[in-house]
Amino acid sequence: MNATAIIDSSLSASTPPLAPACEFIHVCKRYGSLTVLKDMNLKVKRAEKLALIGPSGSGKSTLLRTLMTLETIDAGEIKVNGETLTHGSWPADRQRSDRPAARNRRRRIGMVFQQFNLFPHKTAVENVAVAPRKVLGLSRQEAVERAHNYLEMVGLSSKAEELPSRLSGGQQQRVAIARSLAMQPEIMLFDEVTSALDPELVGEVLGVLRKLAEEGDLTMLLVTHQMEFARSFADRVAFLWQGQVHEIGDAKAIFDNPREERTRQFLRAVLEGR
Amino acid sequence: MNTFFSLDFAASIMPRLLFAASVTVKLTFLSYSIALIFALPLALARTSSNRYLAMAVGSFIECVRGTPMLVQLFLVFYGLPKIGFTMQPVTAGVLALSVHYGCYLAEVYRAGLQAVHTTQREAAWALSMSPIDTLKSVILPQAIPPMIPALGTYLIGMFKDAALLASISVFELLTTAKLIGTESFRYTEPMTIAGLLFLCMSLGAAGLTRLLERLWVIR
Ligand SMILES: Nc1ncnc2c1ncn2[C@@H]1O[C@H](COP(=O)(O)OP(=O)(O)O)[C@@H](O)[C@H]1O
Ligand SMILES: [Mg+2]
């Protein structure tokens, strides 16, 4: 625990004060012959709320997954707080390192998945408490206390002792959000977190996201097909097309006045689809 | 007088057979425990991202599973002394049983580990959990319960295969039954009793398996 504290302070001491929260620099990602991220460049400011939109297969999930180091990259560099998180020239086992130093860098980032991915054998409170206890070294009591706080924040205090299978999809996703938040990351990634939900359950999850956004400090990257939500939630919106950021700008500008023809086509198709 | 099955004779040989049965139970539990532990590195190596290691261990497992246990037993007992590893029959028997079953159990582990969806590993990764914590807190608790029936089947199989140790004169249940037969020229009673005792062990193992299954589901 002390060791991690020392590493953390040394990290922040060497960090330039105005470094972006995260930065993609000429990042390429391929699956076999398919190039999924093509010379991707993107800077996300601290505490910024960035919505990622784009057609299916444009690389939105891959972008988030490379930032979470769930996937390796083939070229370029990803920085977090001005520090190299991963580099295309590193061998795969270094990019996907399990070493404590690598896990400490990764700890700044949390991710919420489309399918929740809760631990099915653990109750809601255990799901939230397990990582703070194992990774941050909190005592059982501290971890459970922290878990209850975050469950309260997502409005699920009454469900703390339930197993995921006894919760609705919306409730499961809120537990998953609490689970990520309990690690107190600086950057949170949300990959279509309402896409697997029945329509009547979408609102409760979006409500939690909105509350998080209003609280301020957190940098949030959100992949979504909910255009109205993206518009009200995001500071900026990035439109991805064929593995590149095709257009990026203020939410209002992108939705009301897209410069690029592709963006316009995409927005028209999405808005007609509803 | 020379009946097909004499209860008096059966009663008189019972203590010897029961003692021999207890040897079989001990040998089996010892070998099974070693197999349970030995199987874990085998399963991890076989699923390792190091292709050569995975292939080497995979070939070893397939060789052991693809040849009769009796062949392995003879190789261990008569072959190893030729290269300097002399051992007691009991040691050789336990070694052969553990390795043979270790390879089967490794495959049970592998199937169990692979049945836990990769998204569970990804969730643990996104929480920065260490590999060992991921294994202990996320993977094993989900992988073990579905493995229990298969583990039980192999425990029952091992009780029966322990009888093969008779062939290298370990004094377990079958050896003793055979010996009583040659001493008294009566085989029906010792073999019937031995069979019943083996049946009891199998039923006991099956019961234990069901109990474990139930305990784990409640948890
Ligand atoms: N593990 C993988 N193996 C091969 N191709 C993949 C893999 N994951 C994603 N892809 C491909 O990469 C492209 C981008 O995928 P993704 O990032 O999921 O797009 P999006 O989230 O924008 O729909 C798609 O064509 C998809 O088929
Ligand atoms: Mg996607």
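Computed from a predicted model, the values in this text were never measured in an experiment.

Draft legend 1. The arrangement of helix α6 (residues 131-161) of chain B in detail. Here α6(B) is 31 residues long, yet its end C-alpha atoms lie only 37 Å apart, well below the 45 Å a rise of 1.5 Å per residue gives. Taken as a whole, α6(B) carries its principal kink of about 50° at I139(B); the proline P141(B) stands between one and four residues after it.

Draft legend 2. Up close: a positive patch on the surface. Taken together, R133(A), K134(A), R140(A) and K136(B) make up a surface patch of like positive charges. As for its position among the elements, K134(A) is in helix α5 (residues 124-134). K134(A) gets classed as partly exposed once you look at its relative accessible area, which sits at 34%.

Draft legend 3. Just the side chain of T69(A), in detail. Turning to its location among the elements, T69(A) is positioned in the loop between α2 (60-67) and β4 (75-80). You can call T69(A) buried: its relative accessible area is 4%. Of note is the side chain of T69(A), whose polar atom sits 3.0 Å from the side chain of W125(B). Sequence-distant contacts of T69(A), that is, excluding residues within four places in its chain, are made with L85(A), Q95(A), R96(A), R106(A) and W125(B).

Draft legend 4. Broad picture of the packing of helix α5 (residues 118-126) of chain B against α6(B). All names here are of chain B. Between α5 and α6, the shortest axis-to-axis distance is 10 Å and the interhelical angle comes to 160°. By the angle between their axes, α5 is roughly antiparallel relative to α6. Crossing geometry of α5 relative to α6 is assigned as right-handed. Taken together, the residues of α6 that come into contact with α5 (itself represented by Q120, R121 and A124) are T134, V138, I139 and Q142. Split by residue class, the contact of α5 with α6 holds 3 nonpolar, 3 polar and 1 charged.

Draft legend 5. A look at the site of ligand 1. Residues and elements named next belong to chain A. The environment of ligand 1 is made up of Y31, L34, V36, P55, S56, G57, S58, G59, K60, S61 and T62. A distance of 2.7 Å separates an oxygen atom of ligand 1 from a polar backbone atom of G57. S58 is positioned such that a nitrogen or oxygen atom in its backbone is 3.3 Å from an oxygen atom of ligand 1. Summarising the interface, the protein chains cover 59% of the accessible area of ligand 1, which totals 560 Å² for the free molecule. Here the element with the most residues in the shell around ligand 1 is α2; it accounts for 3 residues. Looking at the shell around ligand 1 residue by residue, the class counts come to 4 nonpolar, 6 polar and 1 charged.

Draft legend 6. Structural context of the interface of chain B and chain A. If you look at the interface, chain B gives 18 residues, while chain A gives 28 residues. When chain B packs against chain A, close to 2000 Å² is buried across both sides, 60% of that on carbon and sulfur atoms. Of all residues in chain B, W125(B), L127(B) and S128(B) give up the largest surface area on contact with chain A, accounting jointly for 37% of the area buried on that side. Seen at the junction of chain B and chain A, the total is 1 salt bridge. If you look at where chain B meets chain A, you find 8 residue pairs in polar contact (both at pLDDT 80 or more). Listed by contribution, the elements that provide at least two residues to the side of chain B that touches chain A are α5 and α6 of chain B. If you tally residues by element for the side of chain B that touches chain A, the top one is α5(B), at 7 residues. For the side of chain B that touches chain A, the residue count by class is 9 nonpolar, 6 polar and 3 charged.

Draft legend 7. Region of the structure containing the pattern of salt bridges. Residue and element names in this part refer to chain B. One pass over the structure, following the stated rule, counts 16 salt bridges over all chains. A salt bridge links R65 to E62, with the shortest nitrogen-to-oxygen separation between them at 3.4 Å. In this pair, R65 and E62 are both assigned in helix α2 (residues 51-66), 3 residues apart and thus about one turn of the helix distant. Owing to a relative accessible area of 27%, R65 belongs among the partly exposed residues under this scheme. A relative accessible area of 36% places E62 in the partly exposed class. Connected through salt bridges with shared partners, the residues R46, E62, R65, E107 and R110 form a single ionic network.

Draft legend 8. Representation of the confidence of the model for chain B in the model. On average, residues of chain B score 90 in pLDDT, and 98% of them are at 70 or above. Here helix α8 (residues 188-218) of chain B stands out as the element of chain B with the lowest mean pLDDT, 87, in contrast to α5(B), whose mean of 96 is the highest.

Draft legend 9. Representation of the sheet that holds strand β1 (residues 22-31) of chain A in the model. Residues and elements named next belong to chain A. Within the open sheet, the 4 strands sit side by side as β2-β1-β4-β5. Their pairing is antiparallel. Each of the sheet's edge strands pairs with one partner strand only, and the pair in question is β2 (34-44) and β5 (83-87). Between one strand axis and the next, the sheet turns through 25° on average, direction left out of account. One ladder, built from 5 bridges, connects β1 with β4; its direction is antiparallel. Directly across from E23, in β4, lies its bridge partner K79.

The rules behind these values
Residues numbered from 1 in each chain as written. Chains lettered and ligands numbered in written order. Predicted model: local features only at pLDDT ≥ 70, side-chain atom pairs only at ≥ 80, totals over all residues. Heavy atoms only, no water. Helix = DSSP H or I, 4+ residues; strand = E, 2+ residues; numbered from the N terminus. Expected span 1.5 Å × (residues − 1). Bend = angle between axes of the 7 residues up to and from the residue. Patch = residues over 30% accessible without salt bridge, like charges linked within 9 Å, V, L, I, M, F, W, Y side chains within 5 Å. Areas by Shrake-Rupley, 256 points an atom, 1.4 Å probe, with all protein chains shown as cover. Salt bridge = Lys/Arg side-chain N within 4 Å of Asp/Glu carboxyl O. Lys, Arg positive; Asp, Glu negative; His and termini not counted. Charge placed at Lys NZ, Arg CZ, Asp CG, Glu CD. Buried < 20%, exposed > 50% of the residue type's maximum accessible area, 1.4 Å probe, protein only. Polar contact = N/O pair within 3.5 Å; in protein donor to acceptor, adjacent residues only side chain to side chain. Contact = heavy atoms within 4.5 Å. Axes fitted to C-alpha atoms, helices over the stretch in contact; angles between N-to-C directions. Parallel < 35°, antiparallel > 145°, perpendicular 65-115°, else oblique. Left-handed = near helix turned anticlockwise from the far one by under 90°. Nonpolar A, V, L, I, M, F, W, Y, C, P; charged D, E, K, R; others polar. Near = heavy atom within 4 Å. Buried area = accessible area lost by both parts, 1.4 Å probe. pLDDT = per-residue confidence, 0-100. Pairing = 2+ DSSP bridges.

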